[in-house]
Amino acid sequence: VNLTYTRSMLGGKGLLALNYVRTIDPQSSHGWLVSFRYFFDASTSVVAAVGGSSETNTQTLSLQKSVPQGEGLGYELTMGRVDSHAPDAAFGRALVQANAEHLTLGAEYQRASRPDAGSGLARTFVAGSIGGVGGRLFAARPVQDSFALVRVADMKDVPVFANGWFVGRTNASGEVGATN
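This one's a predicted model, so the numbers in the text were calculated from it and none came from an experiment.

The rules behind these values
Residues numbered from 1 in each chain as written. Predicted model: local features only at pLDDT ≥ 70, side-chain atom pairs only at ≥ 80, totals over all residues. Heavy atoms only, no water. Helix = DSSP H or I, 4+ residues; strand = E, 2+ residues; numbered from the N terminus. Rg over C-alpha atoms; globule rule 2.2 N^0.38 Å. Buried < 20%, exposed > 50% of the residue type's maximum accessible area, 1.4 Å probe, protein only. Contact = heavy atoms within 4.5 Å. Phe/Tyr/Trp six-rings, centres within 6.5 Å; stacked < 30°, edge-to-face > 60°. Salt bridge = Lys/Arg side-chain N within 4 Å of Asp/Glu carboxyl O. Pairing = 2+ DSSP bridges. Axes fitted to C-alpha atoms, helices over the stretch in contact; angles between N-to-C directions. Core = buried A, V, L, I, M, F, W, Y, C linked by side-chain atoms within 4.5 Å.

Asker: Let's hear about the overall build of the protein: which residues, and what values?
Answerer: For the protein, the helix and strand inventory stands at zero helices and 15 strands. Taken against the 2.2 N^0.38 rule, which gives 16 Å for 180 residues, the C-alpha radius of gyration of the protein at 21 Å runs more than 25% over that of a compact globule. Projected onto the principal axes, the alpha-carbon positions of the protein cover approximately 65 × 40 × 35 Å. For the protein, the residues scored as buried account for 26% of the 180 residues in total. Considering only intrachain contacts with a sequence separation of at least 6, the fraction spanning at least 24 residues in the protein is 29%.

Structure below.
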């Protein structure tokens, strides 16, 4: 059973969500979550959440900026606390990702205060792709789902958008690769 209630408030800048999940098979369990998200703008928000189950209770606070589909920067900074049968634990996570013209790069770090949570995680990443259309090859950010080669007859610096996100400007040949 999954019961969910979501309510927009504060003139569309706030979003309250309540959720309850009950599982019977193969093992009986339940969980609940109350969260409130406040949007500073279309891509930046802060989220406060409290949740629990028969084993644990969790409180988190996150500051998030959505990673754009096109060029730009996104991040997530999260801190929280877990109350459980084991000693309580604090945790944190920081993630930053930049989408450049032809590649994606970023870094992530997470850590928990309890020793049994492990040593944490630290990673950096760089990713890109090479696509081809009609005998033309182009470099682009990673292809997740689909891509297109946009051609505007020999017009340089024409801005191109996909799904409302800026994906790049045409080169001297009037071309730009758009990934999805």
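Resuming the write-up.
Asker: Summarise the packing of aromatic side chains; cite the residues concerned and give the values.
Answerer: For the coordinates displayed, the defined rule picks out one aromatic pair. Aromatic pair Tyr38 and Phe40: ring centres 5.4 Å apart, planes at 75 degrees, arrangement edge-to-face. Of the residues examined, Phe40 reaches a relative accessible area of 46% and is grouped as partly exposed.

Asker: How would you explain the pattern of salt bridges if you had to name every residue and give the values?
Answerer: For the structure shown, the criterion picks out four salt bridges. In this structure, Arg93 engages Glu76 in a salt bridge whose closest nitrogen and oxygen atoms are separated by 3.3 Å. A residue pair is termed long-range when its members are at least 10 positions apart, and Arg93 in strand β7 (residues 89–99) and Glu76 in strand β6 (residues 72–84) qualify at 17 residues. Residue classification places Arg93 among the partly exposed residues on the basis of a relative accessible area of 25%. Looking at Glu76, the relative accessible area reads 21%, which means it is partly exposed. Here Arg81 ties to Asp83 by a salt bridge, and the two come within 3.0 Å at their closest N and O atoms.

Asker: Talk me through the sheet that holds strand β9 (residues 121–127); I want residue IDs and the actual numbers.
Answerer: Pairing is antiparallel across the open sheet formed by nine strands, whose spatial order is β1-β2-β3-β4-β5-β6-β7-β8-β9. Where the open sheet ends on each side, the last strands, each with one partner, are β1 (2–9) and β9. With direction set aside, neighbouring strand axes in the sheet form an average angle of 10 degrees. Two strands pair when backbone bridges link them, and strand β2 (residues 14–23) and strand β3 (residues 29–39) are joined in this way by ten bridges, in the antiparallel orientation. In the strand pairing of β3, Leu15 is matched with Arg37.

Asker: Summarise the nonpolar core; cite the residues concerned and give the values.
Answerer: Grouped together as the largest cluster of nonpolar side chains are five residues: Val160, Ala162, Val167, Val176 and Ala178. Secondary-structure elements contributing two or more residues to this core are β13 (159–162) and β15 (175–179). Apart from residues no more than four positions distant in its own chain, Val160 is found in contact with Val150, Trp165, Phe166, Val167, Gly168, Thr170 and Val176.

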